[in-house]
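So you can see what is in the structure, the chains are spelled out below.
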Amino acid sequence: MGKQVRVAVCTLNQWALDFQGNLQRIMESILVAVKNKAAYRTGPELEVSGYSCEDHFHELDTFRHCWDALQQIVESTTDFDMLIDVGMPVHHRNVAYNCRIAFYRGRILLIRPKQILCDDGNYRESRWFSPWTKERQVEDFRLPRSVAVALRQDTVPIGDGVIVTHDTCLGYEICEELWNPRSKHIDLSLAGVEIIVNGSGSYMELRKAHVTTDLIRNASYKAGGAYLFSNLRGCDGQRVYFNGCSAVALNGAVIARGQQFALDEVEVTFATFDLDDIQAYRGALRSRSLLAASTLTYPSVLVRTELSRYDDLLPEIVPPPSLLSPYHTPEEEISLGPACWLWDYLRRSGQGGFFLPLSGGVDSSSTAVIVYSMCRLVVRAIAAGDPHVLADCRKVLADPEYDAGGGAAELCNRLLFTCYMGTENSSRETRARAASLAGQIHCYHLDINIDGAVNTLLGIFQLVTGMRPRFRSAGGCARENLALQNIQARTRMVLAYLFAQLMLWVRSRPGGLLVLGSSNVDEALRGYMTKYDCSSADVNPIGGISKKDLQRFLAYAQRQFELPIITEILVAPPTAELEPLVDGALAQTDEEDMGLTYRELSEFGRLRKQEHCGPYSMFCKLLRVAGSRRTDCDPKEIADKVKHFFRCYAINRHKMTVLTPSVHAESYSPDDNRFDHRPFLYRPNWMWQFAAIDRELLRQTSSDHTLLIKDHTHKNEEKERDYSEDDDGDDEVENGDNGQQRQTSYRGHSCHGNPLATQPHISYTTIAKGQNSYFNDADVAAGGSVTTGVASAVSAHQLSYHGQTSIGHLYLAAHNHDVAIGSGLTKSQSSSGYNRVHSSVMGKIKDRTGVPV
């Protein structure tokens, strides 16, 4: 029958500094493991304190409370015949370490500090901890006096050691040590360690879940042995969502894996394997055996017990990969990840629900549908008998009798409050879409007009100054047009917080509501938002998700949640509706105003962040890829778009300092809080960098004699004078509805002597001719015909999927067979396509008029 070992890897929803709650969840997981006859229990990284304590790790109180909690855990498990380890911070010789602490029957066996810290992405571990650098060495750690007295133990080994039982050997990796090129599991396995344990704090990014599982599988395949991976889950007080997926791998096969998204606070995943299988697997790898024979040993701690059981366990059948929890599609990840994060935030914040300004567009609709998905998850968990979710839901609703009998629709009506804040510039179509979506998800919906509030504020300005601004369509200049849009957007923010504070009072319930934002990651990157309008909220569930992914998510939700109105939402052109309508129709669209499509913004974002490209290297990389794909894209077109992107990015970067906290989900997020550390004051003309682009452009095009470039230094000297001497720009950065900001072009409109009025117009019409452009923005149907709408029989799901290809880390549209989504007009159909302001990057772009840059 062999030597079977049953192990328990735990997924816990911990909360930073919630020592009482964290202790209860750890103990619950231990009791579940004991009940299921596990011989070994492991948990996630820093599970005692919570992972995201951050600068609280500089406080000695954090370490004291951890030791108090550990003492209770060790004393409570004295009678359990189970080896246990937990994660917590430890101070040794006045140095803070991130540690695993192993104990058995009331005695602490080993403190294993983390040797490789993580300092990329959202991680900054070296700010609080130091790595253990003494390889294969241990020292004596003197336990705190109260712990030493209670456990009758003065010292414990601390360092790079392993635990040896009568039948096997265990060693540790901690989170980043699995990901590092010099992973510790190789040396551990060569030294005879058969069970490698990893307590981790790995967060969600879209399309990332398989990476961790592949690393675990490959670690056990290459080194042989069992690999135990335990991860956190949930929102523990930060912008990230820890996504579970605790797993066990054996000799290259994943034999158990937990859920990626769930509302369970405690999930224990079990696996049973035979130690003889590990020894046989390793013995057959002759090259490994030769290395192992000469490998140095690790300091070891002997535990007089055996992990294998002979009499009370039957052989456990390893499930085939098809029966393990499947990987979620990106659409499902959006539906589940932010929804679970919102639930944690809501129940832990003490608020009674959410308030959302609902405009009827893709972004605010996505936020609303994510909340509806959250309600579905909550109702499903209550129906499955989860007492924690039921107790939390009753607390949020202030209703001790709530039983989820009304389903997700009733819960959504009690938790989500939406409001369409219309003006004279709003269309009937957006108002109708917002009302229809609210009706289909059954939220509590309001429809108001804010013109009175806007006019009152303008009246105050007129009373003080004797002047009243006008829209450009009525003869106003750029600053007047901008101010009139800003006042609408910022009025919506003020009203949103007013309604959020009082709507539960109106419905005779205690508490208030959390205001939800709805600005996507591409708009943040471009600065397509205004400070302190509806982009200023309490939390933003879609702030880390791209526009294209949101469109695909809505298409998925249409089918999964039976929401037919989504088809209309997807085919409607994205617009802010802050300028007067023309004959009842939209005067502008977001992509036209930005001068860049959402697909292009995603591409630029990935190059800027993932590929670490500045303006020059981005241009060169785009040019190379365009050449390799043999597209007809003009190099000058690429140069103009790169310059336009970086100038807009520079001008609007300051907005990232006040970005509403959002769920981290995309690897090119511009979040200034931690993920993307960059200045927020730039020289927006990038004089040196753009000169390098122009020289490369001249080199690329000189053989055809198709491009004449003026002296770049002379141009930028004049550009400097433009920025410092003239407050009026021909291309202003403006507000968008519900936190969307847009840059409005002034076609044929001269404001105080526009220096661009005589510059040549460049129109991007190759797409309409069925040719390949570099980005190919999915604006034309197969055969080159323009798609301006869809038949009613076409589902949103069919609309959302476009052929794509990946070249390295570049994500490009494949060919011209894409169908337009969310854009009723192609670039060639709009009144002027990419007009002179969009294509001529030397034009003036300001959103802080009067401030020299």
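Caption draft 1: Representation of the overall build of the protein chain in the model. Within the protein chain one finds 26 helices and 27 strands. For the protein chain, long-range pairs separated by at least 24 residues make up 76% of all intrachain contacts whose partners lie at least 6 apart in sequence. About 32100 Å² of surface is accessible on the protein chain, with carbon and sulfur atoms providing 52% of the total.

Caption draft 2: Summary view of the packing of aromatic side chains. Scanning the model with the defined rule gives 20 aromatic pairs in all. Taking the centre distance of 5.4 Å and the plane angle of 25° together, the rings of W341 and Y345 count as stacked. Of this pair, W341 and Y345 both sit in helix α9 (residues 330–349), four residues apart, which is roughly one turn of that helix. Residue classification places Y345 among the partly exposed residues on the basis of a relative accessible area of 30%. Pairing Y556 with F561 gives two aromatic rings, centres 6.4 Å apart and planes at 70°, and the pair type is edge-to-face.

Caption draft 3: Main features of the sheet that holds strand β21 (residues 444–449). Read from one edge to the other, the open sheet built from four strands follows the order β21-β20-β19-β22, with strand pairing classed as parallel. Two strands lie at the open edges of the sheet, namely β21 and β22 (514–515), each paired on one side alone. For strand β19 (residues 354–357) and β22, the ladder comprises two bridges, and the chain directions are parallel. Bridging across to β22, F354 finds its partner in L514. On the sheet, helix α12 (residues 407–415) packs against β19, β20 (416–422) and β21 and is oriented at approximately 60° with respect to β20.

Caption draft 4: Spotlight on the confidence of the model for the protein chain. Looking at the protein chain, pLDDT values average 83 and 79% of them are 70 or higher. Contacts of residues 704–853 to residues separated by more than four positions or lying in other chains number 406 contacts, the stretch itself having pLDDT below 50.

Caption draft 5: Here's a closer look at the pattern of salt bridges. Applying the stated criterion across every chain yields a total of 37 salt bridges. Its salt-bridge partner being D214, residue R217 comes within 2.7 Å of it at the nearest N-O pair. Of the two residues, R217 and D214 are both situated in helix α6 (residues 209–223); the distance of three residues between them amounts to about one turn of the helix. For R653, the salt bridge goes to D676, with nearest N and O atoms at 3.0 Å. Here D676 lies in the loop between α22 (635–652) and α23 (687–701) and R653 lies in the loop between α22 and α23, a separation of 23 residues in the sequence. Overall, D676 belongs to the buried group, its relative accessible area being 1%. Counted as one network, the salt bridges with shared partners bring together D18, R25, E265, D344, R347 and D392.

Caption draft 6: Highlighting the state of the cysteines. This model, assessed by the stated rule, comprises zero disulfides. There is no disulfide at C443, and the cysteine sulfur nearest it, in C412, is 5.4 Å away. We classify C443 as buried; its relative accessible area is 7%.

Caption draft 7: Seen up close, the pairing of β19. Burial along β19 is two-sided: F354 and L356 facing one way and F355 and P357 facing the other are all buried. Examined bridge by bridge, β19 and β20 share four bridges and lie parallel to one another. Each bridged residue has a counterpart across the sheet, and for F355 the counterpart in β20 is F417.

Caption draft 8: Structural detail: the environment of D55. Of note, D55 is situated in the loop between β2 (40–42) and α2 (60–76). On the basis of relative accessibility, which here comes to 35%, the residue D55 falls in the partly exposed class. Along the sequence, D55 and R127 sit 72 residues apart, while their C-alpha atoms lie 8.2 Å from each other. Leave out the neighbours within four places in its chain, and D55 touches R127 and W128.

Analysis parameters
- Residues numbered from 1 in each chain as written.
- Predicted model: local features only at pLDDT ≥ 70, side-chain atom pairs only at ≥ 80, totals over all residues.
- Heavy atoms only, no water.
- Helix = DSSP H or I, 4+ residues; strand = E, 2+ residues; numbered from the N terminus.
- Contact = heavy atoms within 4.5 Å.
- Areas by Shrake-Rupley, 256 points an atom, 1.4 Å probe, with all protein chains shown as cover.
- Phe/Tyr/Trp six-rings, centres within 6.5 Å; stacked < 30°, edge-to-face > 60°.
- Buried < 20%, exposed > 50% of the residue type's maximum accessible area, 1.4 Å probe, protein only.
- Pairing = 2+ DSSP bridges.
- Axes fitted to C-alpha atoms, helices over the stretch in contact; angles between N-to-C directions.
- pLDDT = per-residue confidence, 0-100.
- Salt bridge = Lys/Arg side-chain N within 4 Å of Asp/Glu carboxyl O.
- Disulfide = S-S within 2.5 Å.

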